[in-house]
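Breakdown of the fold
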Amino acid sequence: MKGTPIRIARATDNLEAMVRFYRDGLDLEVLGGFEDHEGFDGVMLGHPDEQIHFEFTHQRGHTLGRAPNLDDLIVFYLPDSEAWKAAIDRMRSQGHEPVASYNPYWDRRGVTFKDPDGYRVVLQNASWP
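Here goes a summary of the coordinates provided. (Residues numbered from 1 in each chain as written. Predicted model: local features only at pLDDT ≥ 70, side-chain atom pairs only at ≥ 80, totals over all residues. Heavy atoms only, no water.)

Remarks on a nonpolar patch on the surface
The line we're drawing: Exposure above 30% relative accessible area and no salt bridge define the residues that can form patches, which grow by joining like charges within 9 Å and nonpolar side chains of Val, Leu, Ile, Met, Phe, Trp and Tyr within 5 Å. Only the protein chains shown count as cover for residues, and the accessible areas themselves come from Shrake-Rupley with a 1.4 Å probe. By definition here, a salt bridge exists when the distance from a side-chain nitrogen of Lys or Arg to a carboxyl oxygen of Asp or Glu is within 4 Å. Counting from the N terminus, the helices are DSSP H or I runs at least four residues long and the strands are E runs at least two residues long.
Nonpolar side chains collect at one region of the surface, where Ile6, Ile8 and Ile52 lie side by side and expose about 230 Å² of accessible area between them. Take isoleucine 52: it is sitting in strand β4 (residues 52-59).

Structural notes on the packing of aromatic side chains
The condition that has to hold: Each Phe, Tyr or Trp ring, with Trp reduced to its six-membered ring, pairs with another whose centre is within 6.5 Å; inter-plane angles below 30 degrees give stacked pairs, above 60 give edge-to-face pairs, and intermediate values give tilted ones. Here the term buried applies to any residue with accessible area under 20% of the maximum for its type, exposed to any over 50%, and partly exposed to those in between, with areas from a 1.4 Å probe on protein chains only. Should the NZ of a Lys or the CZ of an Arg lie within 6 Å of a ring centre and within 35 degrees of the ring normal, that charge is described as sitting over the ring.
In the structure shown here, the tally under the stated rule is seven aromatic pairs. With a centroid separation of 6.3 Å and an interplanar angle of 45°, the aromatic rings of phenylalanine 54 and phenylalanine 76 are classed as tilted. With phenylalanine 54 in strand β4 and phenylalanine 76 in strand β5 (residues 73-77), the pair connects residues that are 22 residues apart, well separated along the chain. Ring centres 4.9 Å apart and planes at 80° place the aromatic pair tyrosine 105 and tryptophan 106 in the edge-to-face group. Residue tyrosine 105 is classed as partly exposed on the basis of its relative accessible area of 40%. Among the residues examined, tryptophan 106 registers a relative accessible area of 12% and is labelled buried. Joined through ring pairs, the aromatic side chains of Phe21, Tyr22, Phe54, Phe56 and Phe76 make up one cluster. Cation over ring: arginine 10 sits above tyrosine 119, and NZ or CZ is 3.6 Å from the ring centre.

Right, here's the structure in full:
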């Protein structure tokens, strides 16, 4: 599995809001997308030189509702303090305010935000262990 690309795929009722959150707030790029592919619209976000990206999809005419619990997390490790602070400032400039983490560990060296579907995204000022 080493070197295998990873796609994190999630369905959403808020496709446009999810794109704004991950593109504008987290500075990911739109890598591709599709409209009305067998009733589904979708957008892939990430960085072109990385092996991991997100795909958010919406099935036209359907409502999913919300699924996350308080400890469903996506964690971005940002060891450089200036880059970490800039990421937090970018999120706030897009209107996203931090929330307290369910697990207090993440508040020690990180800042948590909720995406439009209620999933939590942690900006962690640390290196990957």
